[in-house]
Amino acid sequence: MVLKFIALGDMGSGEKDQYKVAKGIENVINNLRKKHLKNISFIVGLGDNIYECGVNSVIDKQFKTKFEKPYKNINKKFYMSLGNHDYSYPDLEPEFQDSPQHQIDYSNISKKWVLPNKYYYYSYDIEKGCKVDFFVMDTNIDRMDKKEQDIQLKYLIDMINKSTAKWKILYGHHPWRSVVGHGHADADLEVYFKKIIKGSKKNTIDLYMCGHDHNKQYIEIQYDKNITIPLIVCGTGGKSDDYPLPKIKNSDDDDYNIQFLSNTLGFLCVKLFNNHMDLYFFNEKGENVEFKHTIFKK
């Protein structure tokens, strides 16, 4: 048995690039269907759902122009997370200050959009007796007070520790490590990530996925001598950066190892089996696999 899903972030531009990637997702879904393989089960949204500063109500037309219309031919659930562009700055865009809550409430209107809370959990079966748990976090901790940060942190640690799933995947918007674009997590978020792993060390995550930087990266971070965590950056669902990419280089001083970097539009396809996970980075047409990697687990 196998579970397949697609992940992408920074998609809600409403521009032609978003439509290109949406068409590529359609191509992958249709191609799998023609080959009589189990279809894509759902889509993971890695934040920046609605550019530039979210929505002003649950009936904001941007839900149509930047989500429903681009993905009208993709009849799958989209399990969303919040990006920095899904928040407004009340002093600059006061009419959008409740955008996160409007996006949560839109879950009650759309047949495809799933965002029950700023952070949440859901689970899927790979096969009988083998499942994957997804833990969705709001990485915009700069928009939270200390109490809100602590509540989310406790929730994530508790849920990860309680999980009996074979695979555990955490995702949000901001990178933990990134070699280009916005770069590594800032100091506060760095501490936050490490608290999540420290608090769940005996039963911790198998993969972290994010967007924010408009490129694709596969990185492995060495938390300690016993824990290596694969990291995915895939913020190319509706925007891409055309600046020159640095040459991939790791040093002995780094706590991470980067194996893939691309700034083309596209998305990630994940195939989950009982004892391994296959990662495929596709271009925007859904035709070329730019990078493939397998993560094994006993």
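Below is a short write-up of the structure. Small disclaimer: the values here were computed from a predicted structure and weren't measured.

All right, on to the overall build of the protein chain then. Within the protein chain, the secondary structure is distributed over five helices and 14 strands. On C-alpha atoms alone, the protein chain measures out to a radius of gyration of 18 Å, which is about the 19 Å that the 2.2 N^0.38 rule sets for 298 residues. Its C-alpha atoms give the protein chain principal-axis dimensions of roughly 50 × 50 × 45 Å. The proportion of buried residues among the 298 residues of the protein chain is 58%. In the protein chain, of all internal contacts separated by at least 6 residues, the share reaching a separation of at least 24 is 70%. For the protein chain, the accessible surface area stands at approximately 13,500 Å², while carbon and sulfur atoms represent 50% of it. In the protein chain, the 43 positive side-chain charges and the 40 negative ones have mean positions that sit 9 Å from each other.

Looking now at the environment of Ile109. Mapped onto the secondary structure, Ile109 falls in the loop between α3 (99–105) and β4 (113–114). Look at Ile109 and you get partly exposed, because its relative accessible area is 48%.

For Asp10, the position within the fold is in the loop between β1 (3–8) and α1 (16–34). For Asp10, the side chain forms a polar contact with the main-chain nitrogen of His212, separated by 2.8 Å. A distance of 3.2 Å separates the side chain of Asp10 from the side chain of His214, its partner in a polar contact. For Asp10, the contacting residues outside a window of four places in its chain are Gly47, Asp48, Tyr51, His173, Gly211, His212, His214, Gly235, Gly237, Gly238 and Lys239.

Strand β13 (residues 276–283) sits mainly inside the fold: eight of its eight residues count as buried. What you see with β13 is no split at all: His276, Asp278, Tyr280 and Phe282 on one side and Met277, Leu279, Phe281 and Asn283 on the other are buried throughout. Note: strand β12 (residues 266–272) against β13, seven bridges, orientation antiparallel. Directly across from Val270, in β13, lies its bridge partner Leu279. The turn joining β12 and β13, which pair antiparallel and follow one another in sequence, is formed by three residues. Inspection of the sheet shows β13 paired to strand β14 (residues 289–296) by seven bridges, in the antiparallel sense. Residue pairing across strands places Leu279 opposite His293, the latter belonging to β14. Here β13 folds back onto β14 in antiparallel fashion, the turn holding five residues, of which Gly286 has a positive phi close to 70°.

Its 13 residues place the ends of helix α5 (residues 187–199) 18 Å apart at the C-alpha level, agreeing with the 18 Å of an ideal helix rising 1.5 Å per residue. Buried within α5 we find Leu189, Glu190, Tyr192, Phe193, Ile196 and Ile197. All buried residues of α5 fall inside an arc of 160° around its axis, so they share one side. The exposed residues of α5 that point more than 90 degrees off its buried face are Ala187, Asp188 and Lys198. Contact partners of the buried residues in α5: α4 (146–162), β7 (167–171), β8 (207–210), β9 (216–224) and β10 (227–234).

All right, on to the nonpolar core then. If you look at the biggest cluster of nonpolar residues, it comprises 62 residues, and the most contacted ones within it are Phe5, Tyr171, Met209 and Leu272. In terms of residue count, the dominant contributor to this core is α1 (six residues). What Leu272 contacts, discounting residues up to four positions off in sequence, is Met1, Val2, Leu3, Phe5, Ile126, Val132, Trp167, Ile169 and Met277. By size, the runner-up hydrophobic cluster in this structure holds 29 residues, among which are Leu153, Ala185, Ile219 and Leu261.

This part covers unusual backbone geometry. Going from Tyr51 to Glu52, the amide bond is cis rather than trans, its omega being 5°. On the secondary structure map, Glu52 appears in the loop between β2 (42–45) and α2 (62–68).

Reading the values: rules and limits
Residues numbered from 1 in each chain as written. Predicted model: local features only at pLDDT ≥ 70, side-chain atom pairs only at ≥ 80, totals over all residues. Heavy atoms only, no water. Helix = DSSP H or I, 4+ residues; strand = E, 2+ residues; numbered from the N terminus. Rg over C-alpha atoms; globule rule 2.2 N^0.38 Å. Buried < 20%, exposed > 50% of the residue type's maximum accessible area, 1.4 Å probe, protein only. Contact = heavy atoms within 4.5 Å. Areas by Shrake-Rupley, 256 points an atom, 1.4 Å probe, with all protein chains shown as cover. Lys, Arg positive; Asp, Glu negative; His and termini not counted. Charge placed at Lys NZ, Arg CZ, Asp CG, Glu CD. Polar contact = N/O pair within 3.5 Å; in protein donor to acceptor, adjacent residues only side chain to side chain. Pairing = 2+ DSSP bridges. Expected span 1.5 Å × (residues − 1). Arc of directions from axis to C-beta. Core = buried A, V, L, I, M, F, W, Y, C linked by side-chain atoms within 4.5 Å.

Remember that the coordinates give geometry; whether it matters functionally is a separate question.
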